[in-house]
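Chain residues, written in single-letter form:
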Amino acid sequence: MIESLHSPHVGRVKALIGSRGRKERAETGLFVAEGIQALREGLTSTDGPAIETLYLSPSGLARVTEFDLSEVNCVEVTEGVMQAMTSTVSPQGILMVCSIPEYHLSQLNLTDNSFVIYLDRIQDPGNAGTILRSADAFGARAVITSPESVDLFSPKVVRATAGSLWHIPVFESLDLADVVSALKNPECIVLSSHATESIEDFRASRSCIAIFGNEGAGTSSEQLSVAARTIAIPMSGQAESLNLSAAASIVMFALSRPSRG
C-alpha cells in the first residue's frame, strides 16, 4: 500500500490533473477518471479508454467487490494519498489512469441518417461533458472539437460525461473543413436564434454535422468557412435563450428521429 504523498504515483496523477494537465495528457496519452461508474465502463468497454492503473483506497476497495479485477493493475493507497491524488471534494476512493484511444474519422462509416457533433471553441467543461453524454444518448456517431476548445479528457469534462466517454469516439482540435472533407461532404447545420428554419422541420438527405459554437461568441457559417444551413429551436415561453448543452440536446433529439432522412 502506498502511504507516502511523495510517491511517484502521486506525482504522476497530479501532473495529469494539474494546471499543466492538458500538456501532460497530450504527451503521455493518458488521463484520469474517478468513481465507480467510470470503473464499470472501463471494465466493460472494448473500444473506449483502457485502464492502465487502478488506484483504490480502503473505502474504494469496499465499493468494488462486485467487479473482477484480476486483469487490472491495482495499486492500493491510503485515504490520505487518495485525497491528494483526486480532484474531487468527496472522492469515492476509486481513481484510474486510462489511455486516450486513437480513433480515425475514416472508421465512422456514416449512413444517410448518421450525425456527428462539432463543438466550435467550446470552453465550459460542464457543457462539453453534458453534450457528449447527450450525444451518446441520442446516437451521434462522434463528438469532434475545434482548435481552442476545452480538453475533453480534463477531469471536469470526464466527470460530466458520466461514463459516456467510453461509448462514443471523440476527436479533438480538428478544423471543420478537414472534417467535412474526411466525411465525404456531409450536410452542416448551425444553431442560430435568427434562423427561419426550425429544427422540427429540418430534413437531410445525407449524413449531418451539427455545429455548436462558443458559449458567449457563438459561431456562424462565415466564421467556419463551410456551407451550412442555419436552424433554430422554436420556443413558446419567455426565456431569451437556452443553455448551450440544453439546446444541443434538443437538436440531437430531433436529429435522432427515424423520420429525419
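The present account deals with the structure reproduced in this document. No experiment lies behind these values; they were computed from the predicted model shown.

## Points about the packing of aromatic side chains
Now for step 1: Under the counting rule described, the total for this entry stands at four aromatic pairs.
Now for step 2: Plain terms: the ring middles of Phe31 and Phe153 are 4.9 Å apart, the flat faces sit at 55° to each other, and that makes the pair tilted. Of this pair, Phe31 sits in strand β1 (residues 30-34) while Phe153 is found in the loop between β6 (143-145) and α7 (155-161), placing the two residues 122 residues apart along the sequence.
Now for step 3: With a relative accessible area of 0%, Phe31 lands in the buried category.
Now for step 4: For the pair Phe31 and Trp166, a centre-to-centre distance of 6.1 Å together with 50° between the ring planes defines the contact as tilted. Of the two residues, Phe31 is situated in strand β1 and Trp166 in the loop between α7 and β7 (170-171); the sequence distance between them amounts to 135 residues. Trp166 shares its class with Phe31; the two are buried.
Now for step 5: Here a set of aromatic residues connected by ring pairs shows up, and it is made of Phe31, Phe153 and Trp166.

## Looking at the sheet that holds β1
Now for step 1: Strands sit in the order β1-β4-β2-β3 across an open sheet of four strands; the sheet is mixed. The sheet is open, and its two edges are formed by β1 and β3 (74-76), each paired on a single side. Recorded for the sheet is a direction-independent mean angle of 20° between the axes of neighbouring strands.
Now for step 2: Bridging between strand β2 (residues 51-56) and β3 involves three bridges; their strand directions are parallel.

## Some details on the nonpolar core
Now for step 1: Core analysis: the biggest nonpolar cluster contains 49 residues, and Leu54, Ile117, Val143, Ile189, Ile199, Val251 and Leu255 have the highest contact counts within it.
Now for step 2: By residue number, the principal contributor to this core is helix α10 (residues 244-255), which donates seven residues.
Now for step 3: Beyond its immediate chain neighbours, meaning those up to four positions away, Val251 contacts Ile189, Leu191, Ile199, Ala210, Phe212, Ile231 and Ile233.
Now for step 4: The next biggest cluster of nonpolar side chains, apart from the first, holds 17 residues, and it includes Phe171, Leu176, Cys188 and Ile209.

## Considering helix α1 (residues 8-17)
Every α-helix carries 3.6 residues per turn, so stepping three or four residues along brings you back to the same face.
Now for step 1: All of the buried residues in α1 are Val10, Val13, Leu16 and Ile17. For α1, the arc enclosing every buried residue in end-on projection is 130°, short of the 170-degree limit, so these residues lie on one face.
Now for step 2: Buried residues belonging to α1 abut α2 (21-28), β1, β2, α5 (79-85), β4 (94-99) and α7.

## Brief notes about the packing of α1 against α2
Now for step 1: Between α1 and α2, whose axes approach to 6 Å, the crossing angle comes to 110°. It follows from the interaxial angle that α1 and α2 lie roughly perpendicular. For the pair α1 and α2, the contacting residues are Ala15, Leu16 and Ile17 in the first and Gly21, Glu24, Arg25 and Thr28 in the second.
Now for step 2: For the contact of α1 with α2, the class distribution of residues is three nonpolar, two polar and two charged.

## A closer look at unusual backbone geometry
Now for step 1: The phi dihedral of Asn109 falls on the positive side, at around 50°, and the residue is not glycine.
Now for step 2: Relative to the assigned elements, Asn109 resides in the loop between β4 and β5 (115-119).

## Thoughts on the packing of helix α6 (residues 125-137) against α10
Now for step 1: Running from amino to carboxyl end, α6 crosses α10 at an angle of 15°, the nearest separation of the two axes being 9 Å. Classified by the interaxial angle, the pair formed by α6 and α10 is roughly parallel. Both α6 and α10 take part in a crossing whose hand is right-handed. For the pair α6 and α10, contact is made by Asn127, Thr130, Ile131, Ser134 and Ala135 and by Leu244, Ser245, Ala248, Ser249 and Met252, respectively.
Now for step 2: For the contact of α6 with α10, the class distribution of residues is five nonpolar, five polar and no charged.

## Quick word on the sheet that holds β6
Now for step 1: The parallel open sheet is built from seven strands, whose spatial order is β7-β6-β5-β10-β8-β11-β9. In this open sheet, the two strands that pair with only one neighbour each are β7 and β9 (197-198).
Now for step 2: Relative to β6, β5 is paired through three bridges, and the arrangement is parallel. Among the inter-strand pairings, Tyr118 is bridged to a residue of β6, identified as Ile144.
Now for step 3: The sheet strands contacting α6 are β5, β6 and β7, and the helix crosses β5 at an angle near 175°.
Now for step 4: Across the sheet, α10 touches β5, β8 (187-191), β10 (208-212) and β11 (229-232), and the angle it forms with β10 is around 165°.

Rules of the game
- Residues numbered from 1 in each chain as written.
- Predicted model: local features only at pLDDT ≥ 70, side-chain atom pairs only at ≥ 80, totals over all residues.
- Heavy atoms only, no water.
- Phe/Tyr/Trp six-rings, centres within 6.5 Å; stacked < 30°, edge-to-face > 60°.
- Helix = DSSP H or I, 4+ residues; strand = E, 2+ residues; numbered from the N terminus.
- Buried < 20%, exposed > 50% of the residue type's maximum accessible area, 1.4 Å probe, protein only.
- Pairing = 2+ DSSP bridges.
- Axes fitted to C-alpha atoms, helices over the stretch in contact; angles between N-to-C directions.
- Core = buried A, V, L, I, M, F, W, Y, C linked by side-chain atoms within 4.5 Å.
- Contact = heavy atoms within 4.5 Å.
- Arc of directions from axis to C-beta.
- Parallel < 35°, antiparallel > 145°, perpendicular 65-115°, else oblique.
- Nonpolar A, V, L, I, M, F, W, Y, C, P; charged D, E, K, R; others polar.
- Left-handed = near helix turned anticlockwise from the far one by under 90°.

So far we have only geometry, and geometry alone does not tell us how the molecule works.
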